Each structure stands twice: as C-alpha cells, then as structure tokens.
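Here's the letter readout for the chains.
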Amino acid sequence: MRRLITGLAVATALVVTTAACGSSDPSDGTAGNDGPVSVKVGVIPIVDVAPIYLGKDKGFFSNRNIELTLETGQGGAAIVPGVLSGQFQFGFSNVTSLMVAQTENVPVKAVVNGVASTGQAGADFGAIVVRGDSPIQSAKDLAGKKVAVNTLKNIGDTSVRESVRKAGGDPSGVQFVEIGFPQMPAALDGGQVDAAWVVEPSLSAVKAKGGRVVASNFVDVAPDLTVALYFTSTKLTQENPDLVKRFVEAMQESLAYADSNPDEVRRIIGTYTQIDAATVAALTLPKWPADYNRASLEALARLGQQDGLFDTAPDLDKLFS
C-alpha cells in the first residue's frame, strides 16, 4: 500500500509541475491541431486488453483522429502513476487500484469499461491455480501459503481472500508474493509459490503444464464482476474533453467488436503476447460488455475496505463523474 501511494503522490506532483509550466507538447494528447492526435495507453500484456489492440488494428481509433500507441506495464498500480505523470494519456487498470487512488484523492477518472468475468465458476478467464501434484484442494487450504499476484494490494489479493473466506478458510494467513503474470507459470512450477492468481494467457499455460484450478476468484466476489476499466487523469478530462469522448467511442466500438468476434480476439492475441497457437486456441475468453456492473464494483469496494485497502469507502460516483 505504501509503495502504491508513494508512487501516486510523486506522479501527482509531476502533474502539478507540468501544468504550472504550461506545457503544450502535442505528444501529451491535449494539443489541438488538425492532424491525428498521438495518444499513449498503458496496458498489461494479457487477454483482457485484446479489444484495444483490435480497435487499433481495425481503425476504430484512427477513424476518430487518434494515433494510438500501446505500452505495457505489470499492473494497474504501476499504470496509474504513468497516467498522472503524462507518460500515458489513458490507462488500463483493475478496479481496486482505481478505488485505492480515489480514496487518496488522486485525480483520476474511469471513462469506459475494460473487461468482465464470465460469471461461470470453473470456466472463467481468471482463477487461482496450483500444481497438479499440490496437496491444496480448495481455496480453504491457501491459509498460510504463498500466493502469487501481479501487484500487491489490488483486485488479485482482494478476490483471493474472498475465495478463501467462501471456502471456510482464514484469509489473514495468506502470504501474497508479487510476480508478473508471464512469470507466474514458471514460479508455480518451480515451487517459488504454492498457488497463483492468474488470468489468460497464463491460466492456459499453467493448465498445459498439468496445473489445477482450485477457485474462480472473480466469480466468488460477485456475479459478472467488472474486473478492470480504462481511465485517464482529471486534468485531461477538463482540458480535452473531446479527445476523451473520441477515445471512449473508439473503445466502446472495440469492446463490442471483440465480444462478437472471438476468432478475431484469438488472432490479435498472438500479435502482442508470446504464446503458441495451440494455447491461444484453448484460451477462456472474458466478457467485454459496453457498461460496467455497478453492483459488482460495490462488492469489491466493501471487500477492499474490509481487508484494509482503504481507510474510507471509495466514492464510486466521484471515480466515474
């Protein structure tokens, strides 16, 4: 928590400094001109972000005068400071990291849906997994064990704790270890951790090595959980609302296209992840609805407060306003 908040505080200071200097660099996505606007988006190299890659590929962004560049990070906790500092104009983040930012009055705004759970236990794009020979049989057995998450204090450890609770275990004893999604299958196979919270394509990679799913943590939190959102800085929403509007429109078209064209999703995944065709074919795809599920976000907010991620409850109206 301290690492995240420190990073956000530094990034906020950078935003203030940039504003004070009156920067008008067109690369920041805020300069008005007749040509395409260069926009950088911070994403994670996982299945969740397939729609934005498809949108770029299909011209949904260029049709709206946006020249899109996608840069990868390890998780939302790292991408939030990047958006605040101006490294990115928009970012992709799990909703818990955005809630943490909101409760600390970090100036970010969620602008459009990102990805959602399938809502089906045992058939979701994210899960808690163990090695095939592990003695762990359910989430209850995770108490006292090392569990990998991509970044600490985010939707991963919050949802894992809820799976442990629902299985009748004590979540307070779970030891979370921060490991990037691409490195999780090897860490699990090598015994570095006892279990891992993974999303596709890492989920399929673990299964291919004989790993087992012991819980569908997103499903345990809420039906049809909204997992992540695209967001921007409050500064950009105020200074260039037209760019934000065009980005949202392009993302909504991209989400709808991805949700209706699973074969296209599998094709584009091969262009930004280093996984073989057989694994891509076996992926469990998430859902990409146009709108976020407010009830599921409220459930995550309650869990985050219960687990001590927030001192006060997140104000979702402020996050989305």
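Residues numbered from 1 in each chain as written. Predicted model: local features only at pLDDT ≥ 70, side-chain atom pairs only at ≥ 80, totals over all residues. Heavy atoms only, no water.

1. Some details on the packing of helix α2 (residues 50-58) against helix α10 (residues 241-260)
- Following both chains from N to C, one finds α2 and α10 inclined at 105 degrees, their axes separated by 8 Å at the closest point. Classed by the angle they form, the pair α2 and α10 counts as roughly perpendicular. Of the residues in α10, those touching α2 at P51, I52, L54, G55 and K58 are F247, M251, S254, L255, Y257 and A258.
- In terms of residue class, the contact of α2 with α10 is made up of 8 nonpolar, 2 polar and 1 charged. (Axes fitted to C-alpha atoms, helices over the stretch in contact; angles between N-to-C directions. Helix = DSSP H or I, 4+ residues; strand = E, 2+ residues; numbered from the N terminus. Parallel < 35°, antiparallel > 145°, perpendicular 65-115°, else oblique. Contact = heavy atoms within 4.5 Å. Nonpolar A, V, L, I, M, F, W, Y, C, P; charged D, E, K, R; others polar.)

2. Considering the sheet that holds strand β6 (residues 146-149)
- Taken in spatial order, the 5 strands of this open sheet run β7-β6-β8-β5-β9, and their pairing is mixed. The open sheet has two edge strands, β7 (175-178) and β9 (212-215), and neither has a second partner. Averaged over neighbouring strand pairs, the angle between their axes works out to 40 degrees when direction is ignored. (Pairing = 2+ DSSP bridges.)

3. Details of the environment of S38
- Structurally, the position occupied by S38 is in strand β1 (residues 37-43).
- You can call S38 partly exposed: its relative accessible area is 31%.
- Taking the C-alpha atoms as reference, S38 lies 9.2 Å from Q89; in sequence the two are 51 residues apart. (Buried < 20%, exposed > 50% of the residue type's maximum accessible area, 1.4 Å probe, protein only.)

4. Description of the side chain of D157
- Mapped onto the elements of the fold, D157 is located in helix α5 (residues 155-166).
- Buried charge without a salt bridge: D157, with R161 as the nearest opposite-charge side chain at an N-O distance of 4.3 Å.
- Within the structure, the side chain of D157 is placed 2.8 Å from the backbone nitrogen of K153, a separation counted as a polar contact.
- Separated by 2.9 Å, the side chain of D157 and the backbone nitrogen of N154 make a polar contact.
- Filtering out sequence-adjacent residues up to four positions away, D157 remains in contact with V149, L152 and F176. (Lys, Arg positive; Asp, Glu negative; His and termini not counted. Salt bridge = Lys/Arg side-chain N within 4 Å of Asp/Glu carboxyl O. Polar contact = N/O pair within 3.5 Å; in protein donor to acceptor, adjacent residues only side chain to side chain.)

5. Details of the pattern of salt bridges
- In total, this model carries 14 salt bridges according to the counting rule given.
- One salt bridge in this structure joins E71 and K40, with 3.6 Å as the shortest N-O distance. Residue E71 is located in strand β2 (residues 66-72), and its partner K40 is located in strand β1; the two are separated by 31 residues in the primary sequence.
- Of the charged contacts in the structure, one is a salt bridge between E264 and R267, with a shortest N-O distance of 2.9 Å. Placement of both E264 and R267 in helix α11 (residues 262-272) is noted, with a separation of 3 residues, approximately one turn of the helix.
- A network of salt bridges, in which partner residues are shared, links D57, K58, E264 and R267.

6. Description of the sheet that holds β1
- Ordered in space as β2-β1-β3-β10-β4, the 5 strands form an open sheet in which the pairing is mixed. Edge positions in the sheet fall to β2 and β4 (108-116), since each has one partner strand and no second. With direction set aside, neighbouring strand axes in the sheet form an average angle of 25 degrees.
- With 7 bridges connecting them, β4 and strand β10 (residues 226-233) associate as antiparallel partners. Its bridge partner lying in β10, V108 is registered against S233.

7. Some thoughts on the layout of surface pockets
- In this model, the largest pocket occupies a volume close to 320 Å³.
- Lining the largest pocket we find 16 residues, and of these P182, P201, S202, Q274 and I275 sit closest to its centre.
- Counting residues per element, the lining of the largest pocket draws most heavily on helix α7 (residues 202-208), at 3 residues.
- For the lining of the largest pocket, the residue count by class is 10 nonpolar, 4 polar and 2 charged. (1 Å grid on protein atoms, 1.4 Å probe; cavity = no way out; pocket = protein on both sides within 12 Å on 5 of 7 lines; lining within 4 Å. Points joined across faces, edges and corners; volume = space filled by probe spheres on them.)

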